[in-house]
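# Coordinate inspection notes
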Amino acid sequence: MRKEDTVKLISAEGFEFVIDRSAALVSNTLKNMLTSTGGFTEREFGEVRFPEISTRILEKVCQYFYWSLQYSSGKEVEFPIEPEITLELMMAANYLHT
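Residue positions are counted from 1 within each chain, in the order its sequence is given. Confidence filtering applies because this is a predicted model: local features only for residues at pLDDT of at least 70, side-chain atom pairs given and counted only at 80 or more, and all residues used for totals across whole chains, interfaces and linings. Neither water nor hydrogens contribute to the side-chain values; these are computed over all heavy atoms in the structure.

Side-chain atoms within 4.5 Å are what join buried Ala, Val, Leu, Ile, Met, Phe, Trp, Tyr and Cys residues into a set we call a nonpolar core. For the exposure calls, accessible area comes from a 1.4 Å probe over protein chains only, and a residue counts as buried if that area is under 20% of its type's maximum, exposed if over 50%, partly exposed in between. Counting residues in hydrophobic clusters, the biggest one holds 21 residues, and the most contacted among them are Leu9, Ile19, Leu30, Val48, Phe50, Val61 and Phe65. Elements that contribute at least two residues to this core include exactly β1 (6–10), β2 (16–20), α1 (21–24), α2 (28–35), α4 (55–71) and α5 (86–96). For leucine 9, the residues in contact, after removing those within four places along its chain, are Phe15, Glu16, Phe17, Ile19, Leu30, Val48, Phe50, Leu58, Cys62 and Phe65. Numbering of helices and strands runs from the N terminus, with a helix taken as a DSSP run of H or I at least four residues long and a strand as a DSSP run of E at least two residues long. In this analysis, two residues are considered to be in contact whenever any of their non-hydrogen atoms come within 4.5 Å of each other.

Take a look at the structure:
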């Protein structure tokens, strides 16, 4: 896979998630950062840092991106969320517009 086809998402703790660009574009925030002509450094380097999102939450966000791609055709399949991370996950989803 070419580097242009992936995006690196970096958690608050510095853990790196390399995901397919198509998965990252599920997020409207990431889509704007990675595709706009506004001079975002994220677009230039294909790397986005999240100093406020923990590794555990960012991992779940990445899982959701792939889940969304797989089930966007309308098939109703529940995305599993552990109750103890619900609030943090909702805050991350709100920021990412997913």
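Now, onward.
Attention shifts here to α5. Within the span of α5, buried status applies to Leu89, Ala92 and Leu96. Taken end-on, α5 shows its buried residues confined to a sector of 65°, consistent with a single buried face. Residues of α5 that are exposed and angled more than 90 degrees away from the buried face: Leu87, Met90, Met91 and Asn94. Packed against the buried residues of α5 are α2 and α4. Trailing α5 by a residue or two, histidine 97 shows a phi angle of about 55°, which is positive. By construction, the arc corresponds to the directions joining the helix axis to the C-beta atoms.

Our next topic: the environment of glutamate 47. By the element assignment, glutamate 47 lies in strand β3 (residues 47–49). Glutamate 47 sits 45 residues away from arginine 2 along the chain, and the two C-alpha atoms are 14 Å apart. Under this definition, polar contacts are N or O atom pairs within 3.5 Å; protein pairs additionally need one hydrogen-donor-capable and one acceptor-capable atom, and for neighbouring residues in sequence, both atoms have to be side-chain atoms. Engagement of the side chain of glutamate 47 in a polar contact is seen with the side chain of arginine 49, the distance being 3.4 Å.

What follows is about the pairing of β1. Buried residues dominate β1, accounting for 4 of its 5 residues. What makes two strands pair is DSSP finding at least two bridges between them. The pairing of β1 with β2 spans 5 bridges and is classified as antiparallel. Each residue of the ladder has a partner; that of leucine 9, found in β2, is phenylalanine 17. Counted along the chain from β1 to the antiparallel partner β2, the turn is 5 residues long, and its residue glycine 14 has a positive phi close to 95°.

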